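In case you want the letters, here they are:
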Amino acid sequence: MKAIEIRNGIYWVGSIDWSMRTFHGYATSRGSSYNAYLIIDDKIALIDTVKEPFKEELLERVSSVVDPAKIDYIISSHVEADHSGAIPFMAAHCPHAKIITSQPQGLKGLTAYYGDLPYQPVKAGDSISLGSRTLQFVPIPMLHWPDSMVTYCPEEKILFSNDAFGQHLASVNRFDDENDLPLIMYEAKKYYANILMLYGAQAQKAMKALGSLDIDMILTGHGISWRSNIKDIFAAYQKWSTFDVDDHAVVVFDSMWHSTEKMAVAVTEGFRQGGIPAVMHDIKATPLSDIVTDILTSKYLACGSPTINNQMMPTIASFLCYLKGLSPKNHRAFAFGSYGWGGQSAKLVEDGLKDAGCEICHELIRIQNIPSKAQLKALTEEVAKIK
Ligand code: FEO
């Protein structure tokens, strides 16, 4: 395992996790990477480590460039274990290294996780000199942990952004112009929707702080880094963090005997006939993390469930719980569902949509037993009128 030189004296020394398929519930169908960077100057800095099982790979890549014992600084951008998991291991191999972390939250977090190590806490505006290069520290609290910070090197115009602007995407190619751009943008959107959506206000603050920096390259903590499409990823973060939605619709449903499914198809067709592009997700087929990615930028959301044991389907309850946690904004929504006798589900779904912050744009729609062709046609026509 060798380091990959990114620029003279700056190396990627991370690891690629080709096999990961879930990241605490976030479906990662394309794996991920834990990106760590080594800067060789008069002083030597390692920016972030990797998930603990990949620690030997990190050490091997570092060792391909320099004796790890010569490292002066290990910079912890964020306490979460996918970046900090190998800190104790690397600290043991870097006996002279100070571990730079944000004050107070990074220090508190790392101490709680790993005990007493040679920490050097930093705060906004602090910097260290490596010789010909400076590293400046910019806290970005709650993007997405209290301790999160990014590191900027003005001489190189490089931003080491950790979780911000990253994606769960495994690739041997490190940069945006070496990969399929629409795929990277989709995975960046998915990352934002599932990890950062809740923190739109904090993302806006971070965008303001980072917007004043002269940036040639963003070296991310996950997936692909940016050097040719920096304006595009900044514009995307601007859109996502301001909850800017398009006139699109997402239809989410579960079904027992295909009746609510028939309603979902009719609803989707109704949006289409009304001039609103729509996508339909059977919750049994699409992971929640992909569904909320579509919801992030879609103005309309329709959610359907049949009634089971006087409740909505547990799958839909789980979806509404997940959605509420992400605190989406600017969505207009309605509930629908088929039922046999009780018929409580649609109201429960509507309550869940309201609870998740959606504005109800149509009264709930219920059909008893198997929907007839006439009922489905009427449903389509009704949805086509929604604005
Ligand atoms: Fe990639 Fe929040 O850790």
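Whatever comes next refers back to the structure up there.
Description of the structure in this document. Quick caveat: nothing in here was measured; it's all calculated off a predicted structure.

Parameters at a glance
- Residues numbered from 1 in each chain as written.
- Predicted model: local features only at pLDDT ≥ 70, side-chain atom pairs only at ≥ 80, totals over all residues.
- Heavy atoms only, no water.
- Helix = DSSP H or I, 4+ residues; strand = E, 2+ residues; numbered from the N terminus.
- Buried < 20%, exposed > 50% of the residue type's maximum accessible area, 1.4 Å probe, protein only.
- Contact = heavy atoms within 4.5 Å.
- Areas by Shrake-Rupley, 256 points an atom, 1.4 Å probe, with all protein chains shown as cover.
- Lys, Arg positive; Asp, Glu negative; His and termini not counted.
- Charge placed at Lys NZ, Arg CZ, Asp CG, Glu CD.
- Axes fitted to C-alpha atoms, helices over the stretch in contact; angles between N-to-C directions.
- Parallel < 35°, antiparallel > 145°, perpendicular 65-115°, else oblique.
- Left-handed = near helix turned anticlockwise from the far one by under 90°.
- Nonpolar A, V, L, I, M, F, W, Y, C, P; charged D, E, K, R; others polar.
- Expected span 1.5 Å × (residues − 1).
- Core = buried A, V, L, I, M, F, W, Y, C linked by side-chain atoms within 4.5 Å.
- Phe/Tyr/Trp six-rings, centres within 6.5 Å; stacked < 30°, edge-to-face > 60°.
- Pairing = 2+ DSSP bridges.
- Salt bridge = Lys/Arg side-chain N within 4 Å of Asp/Glu carboxyl O.

**Side note on the overall build of the protein**
- From N to C terminus, the protein includes 12 helices and 22 strands.
- Taking the principal axes of its C-alpha atoms as reference, the protein extends roughly 75 × 35 × 35 Å.
- By residue count, 58% of the 387 residues in the protein fall in the buried class.
- Relative to all contacts within the protein whose residues are 6 or more apart in sequence, the contacts with residues 24 or more apart total 72%.
- Accessible area for the protein stands at about 15500 Å²; split by element, carbon and sulfur atoms hold 54% of it.
- Distance from the positive charge centre (36 side chains) to the negative charge centre (43 side chains) of the protein: 5 Å.

**Quick word on the packing of helix α9 (residues 288-296) against helix α10 (residues 314-326)**
- Two numbers describe how α9 lies on α10: the axes approach to 11 Å, and their chain directions differ by 50°. In terms of their interaxial angle, α9 and α10 are classed as oblique. The hand of the α9/α10 crossing is right-handed. Facing α9, whose interface residues are Leu288, Ile291, Val292 and Ile295, α10 presents Ser318, Phe319, Tyr322, Leu323 and Leu326.
- Here the contact of α9 with α10 is composed, by residue class, of eight nonpolar, one polar and no charged.

**Considering helix α8 (residues 259-273)**
- Across its 15 residues, α8 extends 21 Å between first and last C-alpha, which sits within 8% of the 21 Å expected from 1.5 Å per residue.
- Looking at α8, one finds that the buried residues are Ser259, Thr260, Met263, Ala264, Ala266, Val267, Thr268, Gly270 and Phe271.
- For α8, the secondary structure elements touched by its buried residues are β17 (246-253), β18 (278-282), β19 (298-304), β20 (332-339), β22 (365-368) and α12 (373-384).
- Positive backbone phi, at 85°, marks Gly275, one or two positions downstream of α8.

**Digging into unusual backbone geometry**
- Along the chain, Gln103 connects to Pro104 via a cis peptide bond; the corresponding omega equals 5°.
- Looking at the secondary structure, you find Pro104 in the loop between β10 (98-102) and α4 (105-114).
- Of note, the amide linkage connecting Leu143 to His144 takes the cis form, showing an omega dihedral of 10°.
- Positioned with a positive phi, Met142 is a non-glycine residue whose angle comes to about 70°.
- Within the secondary structure layout, Met142 lies in the loop between β13 (134-139) and β14 (149-153).
- Overall, the relative accessible area of 23% leaves Met142 in the partly exposed class.

**Here's the deal with the environment of Asp355**
- Its location among the elements puts Asp355 in helix α11 (residues 345-355).
- Judged by its relative accessible area of 48%, Asp355 falls in the partly exposed class.
- Through-space distance from the C-alpha of Asp355 to that of Cys321 is 9.1 Å; in sequence the pair is 34 residues apart.

**Focus on the nonpolar core**
- Within the largest apolar cluster, 87 residues are counted, with the highest numbers of intra-cluster contacts made by Leu46, Phe165, Leu301 and Phe319.
- Beyond its immediate stretch of four places on either side in the chain, Phe319 contacts Val252, Ile283, Leu288, Ile291, Ile295, Leu301 and Cys303.
- Listed in part, the 24 residues of the second largest apolar core include Ile6, Ile47, Ile100 and Ala170.

**As for the packing of aromatic side chains**
- Inspection of the entire model under this criterion finds 13 aromatic pairs.
- For the ring pair Phe271 and Phe334, a centre distance of 6.3 Å and an interplane angle of 40° mean the geometry is tilted. Of this pair, Phe271 sits in helix α8 while Phe334 is found in strand β20, placing the two residues 63 residues apart along the sequence. When sorted by exposure, Phe271 lands in the same class as Phe334, which is buried.

**Some words on the sheet that holds β13**
- Pairing is mixed in the open sheet, where five strands are placed in the order β12-β13-β14-β15-β16. Unpaired on one side and paired on the other, β12 (127-129) and β16 (217-220) mark the two borders of the sheet. Each strand axis lies, on average, 20° off the axis of its neighbour in the sheet, ignoring direction.
- Bridge count between β13 and β14: four bridges; the pairing is antiparallel. Paired with Val138 across the bridge in β14 is Val150.

**Focus: the sheet that holds β10**
- Taken in spatial order, the seven strands make up an open sheet running β1-β2-β7-β8-β9-β10-β11, and their pairing is mixed. In this open sheet, the two strands that pair with only one neighbour each are β1 (4-7) and β11 (119-122). Pairs of neighbouring strands in the sheet enclose a mean axial angle of 25°, with direction left out of account.
- By the bridge criterion, three bridges tie β1 to strand β2 (residues 10-12) in an arrangement that is antiparallel. Residue pairing in the sheet places Arg7 in a bridge with Ile10 of β2.
- Strand contacts of α4: β10 and β11, with the helix running at about 125° to β10, the strand carrying the most contacts.

**What to know about the environment of His144**
- Inspection of the secondary structure assignment puts His144 in the loop between β13 and β14.
- Accessibility expressed as a relative area gives 9% for His144, which makes it buried.
- Sequence-wise, His144 and Leu117 are 27 residues apart; in three dimensions their C-alpha atoms are separated by 24 Å.
- If we ignore the near neighbours within four places in the chain, the residues touching His144 are His78, Glu80, Asp163, Ile195, Leu196 and Tyr199.

**A short note on the pattern of salt bridges**
- Within the structure shown, the criterion is met by 23 salt bridges.
- Among the ionic pairs, Glu57 bridges to Arg61, the shortest N-O distance being 2.8 Å. Taken together, the residues span about one helical turn, with Glu57 and Arg61 both in helix α1 (residues 55-63) at a distance of four residues. For the pair shown, Glu57 and Arg61 are each scored as buried.
- Lys324 is paired through a salt bridge with Asp355; the nearest N and O atoms lie 3.2 Å apart.

By themselves, these are just geometric observations and shouldn't be taken as functional.
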